[in-house]
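# Inside the fold
In case you want the letters, here they are:
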Amino acid sequence: MKKKQKIFYLSLEKGDLLPMLLMAPTILIMMVVMIFPLLYGLYLSFFKVGFGGATVGDFIGVQNYIRFFSDTTAQKTIVNTLFFSVGAIAGDMLLGTIGAVLLNKMSRALGNICRPLMTIPLLVSPLIVGLIWRYIYDPSGILYWLLGHVGIGMEQFPGTSSSATALLCCIIAQWWEVVPFYIIVLTAGLLAIPEDYYEAAYVDGAGPLRIFFRITLPLMKNVYMTVLVVSGVDTLKIFDIIYALTSGGPNNSTMSISMYAYNQAFVISDMGYAMALSVIAMVVSFLVFGIPFLYNNRKSIT
Amino acid sequence: MRFKRKWYTKLMMAAITAIALIWTLVPVYIVISNSVRKTLEIKEMPPKLIFTPTLSHFEKVLTLDNFGKYFSNSIIISLSTIVLTILAGTLAAYGLKICKSAIGQRISNVLLLGKMVPTITVMIPLFIMFNQMHLTGTYVAPVLAHCSLSLFFVTWLMANFMQDIPNELLEAASVMGCSRLKAFPLVVVPLLKPAIASATILVMQSSWNELLFSLTLTNIKTYPLTVGVAKYVGALSVDWGKCSAAATLTIVPIVIVGFFMQKYLVSGITAGAVKG
């Protein structure tokens, strides 16, 4: 038996080429569409590059990066993106947890109806999510018509027309789209907790809230971490929703780093600076999500 | 064992469920119903629940604005992306599986690092590269770009599903004289069918709905639906009638496919996350 296993699992060290050969197409594609562009982009960020890169201009060293530190708008976009990320993830987690607990307690028949309906937002393009919410937030639109009945108008909640609340509006639109994802993952996580734990806690006289905080949450920690790595990262890349909902306005209050770099590259046609900005965006992404990722990775290897 | 619930707990649960369903479905209803309302009725508040539907927006969008072509572009681009990523990803995952397993495990976790790279960071250099290679405006550009979004994830997903295939089965195959290469189509792929279905629906929704790459790497001949919709979005005003019709054309097919592949969608989303 031992010998047979060896025939099947020839290791890399013995000069076995088949695994490498099988991985070759993936590695090749990733080289072309990921590794090489990243290196090329890093290289370009040290140059003055006009539109389309047809004219790679002078080497200007780190000036594109220095410019970032004097560009207050660019710094603001980073802050906006981080705020968006925190708000979006916090809401996703909270609403997702409530939804998952609820779905778990539901009778099976009702759950079977709710679950497919719930996945619809997941399948809608983020661009269209932004568009739908733009219609909802319209000053003469449905939201203000509803709020009018309880006496809330544009003065109390200025929506997307004021820099104070516009980012919140984008965050709410993101909740609509992503909360179902959290519900699905967290429901599966809840199902993985053995029923005995709950029984034991119940016998010991713990109430439902106490059970949730003492048993459910600690056991779900890993699921939360994974969700954070798999879905939380996307919040830092936010582009589509904002593109349709506010186009970055008013007064750049919803401008995300991706959106700003896009505008620098394709509206103002300064691709060198846009590249420097997007490299900074990547560094921010690694700094923010590197820690949960490393934590997660270490856990699953050992 | 279930806790006994008081009537007010039940009532509260029912209320939250109702709110959640309204919250989820009303926005979708808004866009679909607006696509068949007359232009003037769209802005009317309160919205009429009963109205005479009109297909004029669809007519305009499909005939004047060429959405039929965008629709087929979207299908071509997302199908090619699906085939390419699943083919390459499954092969790579099998490669990881037959490596000494420790290395495979390590690599498959590192694969998730790719998700952390912002789309914009890859998009700008890719745009310049494809421009110099005269690939912008062909299907190759968006398909390859969409692969950069999905391939890492598909490989990781497949590697995760492949862990469930018992080693004994592969050993048995090898005892029967099945080479490792032959075992792939004969043993591994049949067992991976659900995983392939999951990857299909997940890649499809990411490619079908993708905007940033499509916006820059396509031209009028290869615009997918999302770009067509984006063209209607002005900074100041939006033509809601046409926009809703175009959005409906984009939403409805993917929601129908998603509905029928519900089971695989859910198992694909949870597979990686819960196993960690």
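What counts and how
- Sequence order as written defines residue numbering, which begins from 1 separately in each chain.
- Chain A is the first chain written and ligand 1 is the first ligand written, with later ones labelled in order.
- Confidence filtering applies because this is a predicted model: local features only for residues at pLDDT of at least 70, side-chain atom pairs given and counted only at 80 or more, and all residues used for totals across whole chains, interfaces and linings.
- Hydrogen atoms and water are omitted, and side-chain values are computed over all heavy atoms in the structure.
- What counts as a helix is a DSSP run of H or I of at least four residues, what counts as a strand is a run of E of at least two, and both are numbered from the N terminus.
- Pairs of residues are marked as contacts when any of their non-hydrogen atoms sit within 4.5 Å.
- Exposure was quantified through the Shrake-Rupley algorithm and a 1.4 Å probe, taking into account, for residues, occlusion by the shown protein chains and nothing else.
- Positive: Lys, Arg. Negative: Asp, Glu. His and the chain ends are not part of the count.
- To locate a charge, the coordinates of NZ of Lys, CZ of Arg, CG of Asp or CD of Glu are taken.
- For a compact globule the rule gives 2.2 Å times the number of residues to the power 0.38, and the radius of gyration it is set against comes from C-alpha atoms.
- Partly exposed residues are those whose accessible area sits between 20% and 50% of the maximum for their type, while under 20% is buried and over 50% is exposed, using a 1.4 Å probe and protein chains only.
- By buried area we mean how much accessible surface two parts lose on assembly, using a 1.4 Å probe and totalling the loss over both.
- One speaks of a salt bridge when a side-chain nitrogen belonging to Lys or Arg is within 4 Å of a carboxyl oxygen belonging to Asp or Glu.
- Ten residues, namely Ala, Val, Leu, Ile, Met, Phe, Trp, Tyr, Cys and Pro, are considered nonpolar, four, namely Asp, Glu, Lys and Arg, are considered charged, and the remaining ones, Gly among them, are considered polar.
- Note on aromatic contacts: the rings of Phe and Tyr and the six-membered ring of Trp form a pair at centre separations within 6.5 Å, being stacked when their planes are under 30 degrees apart, edge-to-face when over 60 apart, and tilted otherwise.
- Placement of a charge over a ring requires the Lys NZ or Arg CZ to be within 6 Å of the ring centre, with the centre-to-atom vector within 35 degrees of the ring normal.
- All the domain ranges listed were derived from an automatic or database domain assignment.
- Each residue after the first adds 1.5 Å to the expected span of a helix.
- Take the buried Ala, Val, Leu, Ile, Met, Phe, Trp, Tyr and Cys residues and link them wherever side-chain atoms come within 4.5 Å; each set so joined is a nonpolar core.
- Per-residue confidence from the predictor is given as pLDDT, running between 0 and 100.
- Axes here mean lines fitted to C-alpha atoms, for a helix over just the part in contact, with angles spanning 0 to 180 degrees between N-to-C directions.
- Roughly parallel means an angle under 35 degrees; roughly antiparallel, over 145; roughly perpendicular, 65 to 115; everything else is oblique.
- Left-handed describes a crossing in which the near helix is turned anticlockwise from the far one by less than a right angle; the clockwise case is right-handed.

### Looking at the overall build of chain B
Each helix and strand in chain B was counted, giving 14 helices and zero strands. Walking chain B from its N terminus toward its C terminus, one meets helices and strands in the order α-α-α-α-α-α-α-α-α-α-α-α-α-α. Along the three orthogonal principal directions, the C-alpha set of chain B runs to about 70 × 70 × 30 Å. Long-range pairs, those at least 24 residues apart, make up 75% of the contacts in chain B with a sequence separation of at least 6. A total accessible area of about 12,000 Å² is found for chain B, and carbon and sulfur atoms account for 71% of it. Side chains of chain B carry 23 positive and 9 negative charges; the gap between the two charge centres is 9 Å.

### Re the overall build of chain A
The number of helices and strands found in chain A is 15 helices and two strands. The C-alpha radius of gyration computed for chain A amounts to 24 Å, which surpasses the reference 19 Å derived for 302 residues by more than 25%, pointing to a less compact arrangement than a globule. Dimensions of chain A along its principal axes, counting C-alpha atoms only, are 80 × 75 × 30 Å. Looking at chain A as a whole, 56% of its 302 residues qualify as buried. Accessible area of chain A: about 13,700 Å², with a carbon and sulfur share of 69%.

### A short note on unusual backbone geometry
With phi around 60°, Ser269 of chain A is a residue other than glycine that occupies positive phi space. The residue Ser269 of chain A is located in the loop between helix 14 (257-266) and helix 15 (271-301) in this model. Positive phi values are uncommon outside glycine, yet Asn66 of chain B reaches one of about 65°. As for its placement among the helices and strands, Asn66 of chain B is situated in the loop between helix 3 (56-63) and helix 4 (67-98). In this structure Asn66 of chain B comes out as partly exposed when scored by relative accessible area, which is 38%.

### Focus on the interface of chain B and chain A
Contact residues are listed per partner, giving 106 residues for chain B and 106 residues for chain A. Summing both partners gives a buried area of about 9,900 Å² for chain B against chain A, and 78% of it is carried by carbon and sulfur. Our count for the chain B to chain A interface comes out at one salt bridge. Note that Asp234 of chain A is salt-bridged to Lys115 of chain B, the shortest N-O span being 3.6 Å. Broken down by element, the residue count for the side of chain B that touches chain A peaks at 13 residues, all from helix 6 (residues 119-132) of chain B. In terms of residue class, the side of chain B that touches chain A is made up of 69 nonpolar, 28 polar and nine charged.

### What about the environment of Cys170 of chain A?
Residue and element names in this part refer to chain A. Inspection of the secondary structure puts Cys170 in helix 9 (residues 166-191). The spatial distance from the C-alpha of Cys170 to the C-alpha of Phe293 is 26 Å, given a sequence separation of 123 residues. Dropping the residues within four chain positions of it, Cys170 is found in contact with Phe84, Ile241, Ile242, Leu245, Thr246 and Thr254.

### Here's the deal with the packing of aromatic side chains
As enumerated under the stated definition, the model contains 23 aromatic pairs over all chains in all. For the ring pair Phe212 of chain A and Phe213 of chain A, a centre distance of 5.3 Å and an interplane angle of 85° mean the geometry is edge-to-face. Here the aromatic rings of Phe71 of chain B and Trp208 of chain B are separated by 5.8 Å at their centres, their planes lie at 85°, and the arrangement is edge-to-face. With Phe71 of chain B in helix 4 and Trp208 of chain B in helix 10 (residues 193-208), this pair connects stretches of sequence that are 137 residues apart. Residue Phe71 of chain B is classed as partly exposed on the basis of its relative accessible area, which comes to 25%. Following the ring pairs from residue to residue traces out a cluster consisting of Phe36, Tyr40, Tyr43, Phe47 and Phe59 of chain A. Against the face of Tyr273 of chain A rests Arg67 of chain A, its NZ or CZ located 3.8 Å from the ring centre.

### With respect to the domain arrangement of chain A
Looking at the assigned domains, one finds that chain A contains domain 1 (1-36) and domain 2 (63-301). On a C-alpha basis, the centroid separation for the pair domain 1 of chain A and domain 2 of chain A is 37 Å.

### Things to note about helix 9 of chain A
The end-to-end C-alpha distance of helix 9 of chain A, which contains 26 residues, comes to 38 Å, matching closely the 38 Å that a straight helix rising 1.5 Å per residue would cover. Among the 26 residues in helix 9 of chain A, 23 count as buried, and that is most of the element.

### Points about the pattern of salt bridges
Residues and elements named next belong to chain A. What the rule picks out here adds up to four salt bridges over all chains. A salt bridge links Asp270 to Arg67, with the nearest nitrogen and oxygen atoms 2.9 Å apart. In this pair, Asp270 is assigned in the loop between helix 14 and helix 15 and Arg67 in helix 3 (residues 63-70), connecting sequence segments 203 residues apart. The exposure class of Asp270 is buried, given its relative accessible area of 14%.

### Re the nonpolar core
Counting 189 residues, the largest nonpolar core has Trp133 of chain A together with Phe67 of chain B as the members making the most contacts within it. Per-element tally for this core: the top contributor is helix 9 of chain A, with 17 residues. Residues contacting Phe67 of chain B, with those up to four places away along its chain left out, are Val61, Leu62, Leu225, Gly228, Val229, Tyr232, Ala246 and Leu249 of chain B.

### Section: the confidence of the model for chain B
Confidence in the prediction of chain B, expressed as mean pLDDT, is 85, and 92% of residues score 70 or more. Per-element confidence in chain B ranges from a low mean pLDDT of 64 for helix 5 (residues 101-110) of chain B to a high of 93 for helix 10 of chain B.

### Digging into the packing of helix 4 of chain B against helix 7 (residues 140-162) of chain B
How two helices pack is summed up by the angle between their axes together with the distance between the axes. Residue and element names in this part refer to chain B. One way to put it is that helix 4 packs onto helix 7 with a least axis distance of 7 Å and a crossing angle of 40°. With respect to helix 7, the element helix 4 is oriented oblique. Pair helix 4 / helix 7 crosses with right-handed handedness. Its residues assigned to classes, the contact of helix 4 with helix 7 comprises 16 nonpolar, eight polar and one charged.

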